[in-house]
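Architecture and fold: a report
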Amino acid sequence: MVFNPLKMSAVELRILLGGIASSLTYYGNLKLEQDYAAYPPELKQKLDPHLPTNGEIVAGIAPPVALYAVKAVARGTTKESVGDLALGSLLYALPNLAEKTIVATSQEEGRKAGAPAAATRAALARTAATTYSVSRTVAQPVTPAAYILTSYR
Amino acid sequence: MFDPVEKRLLVGALATGLIDAGLKGYFAYMTAAGTPPAAEQFPYMTIHPCLPTVDEWLALAGVPVALYAVGKGMKKESVTQMAKGSGIFGVSELVGITSFRVARYAEGRPLRYVLAK
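What counts, and where the lines are drawn
Residues numbered from 1 in each chain as written. Chains lettered and ligands numbered in written order. Predicted model: local features only at pLDDT ≥ 70, side-chain atom pairs only at ≥ 80, totals over all residues. Heavy atoms only, no water. Helix = DSSP H or I, 4+ residues; strand = E, 2+ residues; numbered from the N terminus. Buried < 20%, exposed > 50% of the residue type's maximum accessible area, 1.4 Å probe, protein only. Contact = heavy atoms within 4.5 Å. Areas by Shrake-Rupley, 256 points an atom, 1.4 Å probe, with all protein chains shown as cover. Expected span 1.5 Å × (residues − 1). Bend = angle between axes of the 7 residues up to and from the residue. Buried area = accessible area lost by both parts, 1.4 Å probe. Salt bridge = Lys/Arg side-chain N within 4 Å of Asp/Glu carboxyl O. Polar contact = N/O pair within 3.5 Å; in protein donor to acceptor, adjacent residues only side chain to side chain. Axes fitted to C-alpha atoms, helices over the stretch in contact; angles between N-to-C directions. Parallel < 35°, antiparallel > 145°, perpendicular 65-115°, else oblique. Left-handed = near helix turned anticlockwise from the far one by under 90°. Nonpolar A, V, L, I, M, F, W, Y, C, P; charged D, E, K, R; others polar. Patch = residues over 30% accessible without salt bridge, like charges linked within 9 Å, V, L, I, M, F, W, Y side chains within 5 Å. Phe/Tyr/Trp six-rings, centres within 6.5 Å; stacked < 30°, edge-to-face > 60°.

Topic: the overall build of chain B
- Assigned secondary structure in chain B consists of three helices and zero strands.
- Secondary structure elements of chain B occur, N-terminal to C-terminal, as α-α-α.
- Summarising its shape, the C-alpha atoms of chain B cover approximately 45 × 30 × 30 Å along the three principal directions.
- Taking all 117 residues of chain B together, 42% fall into the buried category.
- Across chain B, contacts joining residues at least 24 apart in sequence account for 61% of those joining residues at least 6 apart.
- Total accessible area computed for chain B in this model is approximately 5,500 Å², and 70% of it derives from carbon and sulfur atoms.

Following this line, the structure appears as structure tokens:
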């Protein structure tokens, strides 16, 4: 096996190209999701908080599904070539979806873990503001004894 | 559905993905909890705004190289094939992350870490 793209066989190059195409599809979708105003809101939603967004799932699954569909109807050498691209796409798509699901789960669990601490910080901030305002409005009592002593002299 | 070679490729790719998920998952967890890792904390350091972070290089390039070295050292073709699958996933993910980072940098909005919201 060689890592040098110039020395890879045609099959290995096609598999690698399939993976790269799948990756660019996923990150292209992510860019649109984050920056494109007309991105469909349904694709920004999640079926479950522990899953990636619907758009990420679709962008992850679509390339290998499409390529395997093309392979099913292709004939001859095109079938083999498309099959290699589809395998490369699948080699990227499955681990990518697993990885993004783990990351989404970690984000959700982190959000839950940080929520009590954030609520406590907010409550403490409100208490401090209330205490501060009360101490400012309470007038300090004046001792009448000081005036009596002065007038005595 | 898959022949033994394809299965080994997939196992290698999944192994790399899970290791990368562990590193990214920790970053995502700590960030969501309100205590993100410090900017220069190993391994989440940034080499350049256009390049993947160190943890991404470790997982996506380091794991394939390590598997390849083990496969060649032990003279086991199965491990070398796993390294190939690992390398296909690793290179694809590095290309995707780099292109995303370059696009954001070109817009003047560089990212510290590439994570979906």
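Description of helix 3 (residues 54–73) of chain A
All names here are of chain A.
- With 20 residues, helix 3 ought to run about 28 Å at 1.5 Å a step, and its terminal C-alpha atoms sit 28 Å apart, in line with that.
- Of all the bends in helix 3, the largest measures some 30 degrees and sits at alanine 62, one to four residues before the proline proline 63.
- Buried within helix 3 we find Asn54, Gly55, Glu56, Ala59, Gly60, Pro63 and Pro64.

Concerning the interface of chain B and chain A
- Listed per partner, the contact involves 40 residues of chain B and 37 residues of chain A.
- Summed over both partners, the interface of chain B with chain A comes to about 3,400 Å²; 71% of that surface belongs to carbon and sulfur atoms.
- Here chain B and chain A share five salt bridges between them.
- Between Arg109(B) and Asp35(A) there is a salt bridge, with the nearest N and O atoms lying 2.9 Å from each other.
- The tally of links between chain B and chain A comes to 13 residue pairs in polar contact (both at pLDDT 80 or more).
- For the side of chain B that touches chain A, the secondary structure elements donating two or more residues are helix 1 (4–32), helix 2 (54–74) and helix 3 (77–106) of chain B.

Details of the packing of helix 1 (residues 10–35) of chain A against helix 3 of chain A
Residue and element names in this part refer to chain A.
- As a packed pair, helix 1 and helix 3 sit with axes 9 Å apart at the nearest point and diverge in direction by 155 degrees. With respect to helix 3, the element helix 1 is oriented roughly antiparallel. As helix 1 packs across helix 3, the resulting crossing turns out to be right-handed. Note on element contacts: helix 3 touches helix 1 through Gly55, Glu56, Ala59, Gly60, Pro63 and Pro64, opposite Ser22, Thr25, Tyr26, Asn29, Leu30 and Glu33.
- Residues of the contact of helix 1 with helix 3, tallied by class, amount to five nonpolar, five polar and two charged.

Considerations on a nonpolar patch on the surface
- Judged by side-chain polarity, Leu24(A), Val91(B) and Val95(B) come together as a nonpolar surface patch covering roughly 190 Å² of accessible area.
- Structurally, Val91(B) can be placed in helix 3.

A closer look at the environment of Glu12(A)
Residue and element names in this part refer to chain A.
- Turning to its location among the elements, glutamate 12 is positioned in helix 1.
- Once the C-alpha coordinates of glutamate 12 and glycine 88 are considered, the two residues, 76 residues apart in sequence, prove to be 8.8 Å apart.
- Among the polar contacts made by the side chain of glutamate 12, one reaches the main-chain amide nitrogen of serine 9 at a distance of 3.2 Å.

Description of the packing of helix 1 of chain B against helix 2 of chain B
Residue and element names in this part refer to chain B.
- In contact at an axis separation of 9 Å, helix 1 and helix 2 are set at 170 degrees when each is read in the N-to-C sense. With respect to helix 2, the axis of helix 1 lies roughly antiparallel. Remark: the crossing between helix 1 and helix 2 carries right-handed chirality. Contacts from Thr16, Ile19, Asp20, Leu23 and Lys24 of helix 1 reach helix 2 at Asp55, Glu56, Ala59, Leu60 and Val63.
- Of the residues in the contact of helix 1 with helix 2, the class split is five nonpolar, one polar and four charged.

Comments concerning the packing of aromatic side chains
Residues and elements named next belong to chain B.
- Under the definition given, this model contains seven aromatic pairs over all chains.
- Ring plane angle 15 degrees and centroid distance 6.3 Å describe the contact between tyrosine 26 and tyrosine 44, whose orientation is recorded as stacked. One end of the pair, tyrosine 26, is in helix 1; the other, tyrosine 44, is in the loop between helix 1 and helix 2, with 18 residues separating them in the sequence.
- Tyrosine 44 gets classed as buried once you look at its relative accessible area, which sits at 2%.
- Note on phenylalanine 27 and tyrosine 113: the rings are 4.0 Å apart at their centroids and 15 degrees apart in plane angle, and the pair reads as stacked. Placement of the pair is phenylalanine 27 in helix 1 and tyrosine 113 in the segment after helix 3, with a sequence separation of 86 residues.
- What makes tyrosine 113 buried here is its relative accessible area of 6%.
- Put simply, the rings of Tyr26, Phe27, Tyr44 and Tyr113 touch in pairs and so form one group of aromatic residues.

No statement about biological role is implied by the geometric values presented.
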